[in-house]
Amino acid sequence: MEPQRSPLLEVRGNIELKRPLVKAPSRLPLPGTRFKRGPDQMEDALEPEKKRTRGLNTVTKIATSHPRPPALTVRPQTQSQTTAPKVPKKTGPHCSTAIGTVLKNQKPGPAVPAQKPGAAAPPTLGGKKPTKRPAWDLKGQLCDLNAELKCCRERTQTLNQENQQLQDQLKEAQQQARALGAECRTLEGELARVQAQAEQGQQELGNLRARVLELEEQLGTQQGLVQELQKEQVGLQEERRGLAARLEEQERRLQASEVALSGSQAEVASLRQEADTQAALLVEQGERLHGLEMERRRLHNQLQELKGNIRVFCRVRPVLPGEPTPSPGFLLFPSGPGGSSDPPTRLSVSRSDERRGTLSGTPAPTTRHDFSFDRVFPPGSGQDQVFEEIAMLVQSALDGYPVCIFAYGQTGSGKTFTMEGGPGGDPQAEGLIPRALRHLFSVAQELGGQGWTYSFVASYVEIYNETVRDLLATGTRKGQSSECEIRRAGPGSEELTVTNARYVPVSCEKEVEALLQLARQNRAVARTSQNERSSRSHSVFQLQISGEHAGRGLQCAAPLSLVDLAGSERLDPGLALGPGERERLRETQAINSSLSTLGLVIMALSNKESHVPYRNSKLTYLLQNSLGGSAKMLMFVNISPLEENVSESLNSLRFASKVNQCVIGTAQANRK
């Protein structure tokens, strides 16, 4: 006999093969119900009761032998039945439904058709068909009833036995149903667990498939990277071989360099010794250079003193277009002792006395006036030639000596052109102020190589009618001349300063040119009989120079003053004056007064007088430190080449001659 398969294996087989489940036929009755008989059997069982109700006169024979239905037995499972699919066990109401279905499918045995009521056959003898008793045969009918009762009792007993067997079978079927229900519940739990495991397995399978795809992509990427790395490895190997070759070459060079280094070290040692020697020599040369520089300054100052601490240069301006040409003998420039090669230092002016000629009736005789100065510049002299003569004097300001250069002469004689230059920015027409500052900047840069550092601060003021004005004022500060006063820089200080005036640090030529342009716009000018645009004030450009040698602890400071004086012409006292002329008269009186004070100051300095009248004029008071004491002074006397201005020219030349005859003491540098 083949062993039974596990229900779990059957379920798994059905799931895997996806075969439909087939219900097995069952012959068990439904639980809690009676065994169902055939319609004929039920009629035969009720037949005696019916006959008893009809009457006693009816005699009917009931057959006592009826075929019994086959007993309900549980057949063993054969080999052919094991191949049929099993019904899965279920719990709960579904299990009872399955059991009822099994009982319904059991087929009862063939039943004997029951006789109709009142047609019961009497017992027969010899196989003959019994006859119906007559109504009066009550005894026979009773006998028949007794026989039929006996048969019913026997039949009832048989039915009770069959009922007992069916109840036993029912109990056994119920026990099997309970066992199958428990097994069904177990299988259902296991099936749920298997299904959950299957779902989890499907989910894990999906995740694994996604992971496999991801890993495949990563594998492709890694393979590409591996290929690139392999290529890079090949390149690096080639580079390594090249570097190894270079390394070998470098090692050979290093060995050669080490050999050369050892030789160089010995050479460096000797060079260091030589450098130390050169450094000591350089220090010695520096000391010598410093001594030579000090000697140069001393000799330079001595040379300037030999030339005179007060020097006078005369300059004759050229004849301008539209002016009459003077007579050939009007101005003469005699040669010096060395002939024409020496620069001219003398000037002769010819003048006829018209009054003497008129009285005698003869032509007026010519009078010649001879003047001698430190240098005379004819009309053809350029600005560069003029500055070449004063360049050494300007450099003295860097050495710590106060220097003052001013231009004196009548209106229209070329004073402003000499000091500031002509309009239009022509380099050949540049005046002394821009050329002097360019020269100072250049020399200061050269001295910087010797350890000197210089700083320059510029100011530009004018003195108009004894009032000080700032020519560098801008914006709202213009016209505030009353606020500018000349004061001492501090208690006990000899340095003078102008209050409320601008002091501008400068370091290049462009900054100086901007200041000069601003000053030209602010300066007071007016029309006079000698000039269309005449300067009616004294302009004073001052440059404060400060030098320091940090290595030796030396300091020096000195001002450079470049002054453009106002016109020195005189007025005719008998001339009738209008309102405008009265204003010009006051200006001329103020100008002549300040110029007279300047002459008095120079004379007092020359005569070594105890009192020098600096405070008689704002001009001399402002230039106090640049005129006397340790100062060096140079005056340009500018004259006109025209014969009509000969009277004013002679006055200017006479004043310059007096100044040229003055001698001031030895100048001393302002050093600390």
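Residues numbered from 1 in each chain as written. Predicted model: local features only at pLDDT ≥ 70, side-chain atom pairs only at ≥ 80, totals over all residues. Heavy atoms only, no water.

- In the annotation of an unreviewed UniProt entry, the entry for the chain reads Kinesin-like protein, and the organism field reads Neovison vison.
- Listed in UniProt under the heading Subunit (unreviewed entry), the comment for the chain reads: "Binds NUBP1 and NUBP2. Interacts with PPP1R42."
- Word for word, the UniProt comment on the chain under Function (unreviewed entry) is "Minus end-directed microtubule-dependent motor required for bipolar spindle formation. May contribute to movement of early endocytic vesicles. Regulates cilium formation and structure." (UniProt positions renumbered as here; feature names shortened; annotations may be inferred.)

### With respect to the overall build of the chain
Here's step 1: Assigned secondary structure in the chain consists of 14 helices and 16 strands.
Here's step 2: Out of the 672 residues belonging to the chain, those deemed buried represent 35%.
Here's step 3: Residue pairs in contact within the chain that sit at least 24 positions apart in sequence constitute 73% of those at least 6 positions apart.
Here's step 4: Total accessible area computed for the chain in this model is approximately 39,900 Å², and 54% of it derives from carbon and sulfur atoms. (Helix = DSSP H or I, 4+ residues; strand = E, 2+ residues; numbered from the N terminus. Buried < 20%, exposed > 50% of the residue type's maximum accessible area, 1.4 Å probe, protein only. Contact = heavy atoms within 4.5 Å. Areas by Shrake-Rupley, 256 points an atom, 1.4 Å probe, with all protein chains shown as cover.)

### What about the pairing of strand β15 (residues 554-564)?
Here's step 1: A large share of β15 lies buried, amounting to eight of its eleven residues.
Here's step 2: Bridging between strand β6 (residues 403-409) and β15 involves five bridges; their strand directions are parallel. Its bridge partner lying in β15, Ala407 is registered against Asp564.
Here's step 3: Where strand β14 (residues 538-549) meets β15, eleven bridges bridge the pair, whose relative direction is antiparallel. Paired with Ser546 across the bridge in β15 is Ala557. (Pairing = 2+ DSSP bridges.)

### Quick look at the pairing of strand β8 (residues 467-470)
Here's step 1: By the alternation rule, side chains of β8 split into Val468 and Asp470, which are all buried, and Thr467 and Arg469, of which none is buried.
Here's step 2: In the sheet, strand β7 (residues 452-464) pairs with β8 via four bridges, with the strands oriented antiparallel. Within β8, the position partnered with Ile463 by the bridge is Val468.
Here's step 3: Here β7 folds back onto β8, and the loop between the two strands holds two residues, one of which, Asn465, carries a positive phi near 55°.

### What to know about helix α7 (residues 383-395)
Here's step 1: Taking 1.5 Å as the rise per residue, α7 with 13 residues should run 18 Å; its terminal C-alpha atoms sit 18 Å apart, in good agreement.
Here's step 2: In α7, a bend of some 40° at Glu389 exceeds every other bend along the element.
Here's step 3: Within α7, burial applies to Gln383, Val386, Phe387, Ile390, Ala391, Leu393, Val394 and Gln395. (Expected span 1.5 Å × (residues − 1). Bend = angle between axes of the 7 residues up to and from the residue.)

### Here we look at the environment of Glu466
Here's step 1: Tracing the chain through its elements places Glu466 in the loop between β7 and β8.
Here's step 2: Glu466 sits in the partly exposed class, given a relative accessible area of 28%.
Here's step 3: Of the polar contacts made by the side chain of Glu466, one reaches the backbone nitrogen of Lys618; its length is 3.0 Å. (Polar contact = N/O pair within 3.5 Å; in protein donor to acceptor, adjacent residues only side chain to side chain.)

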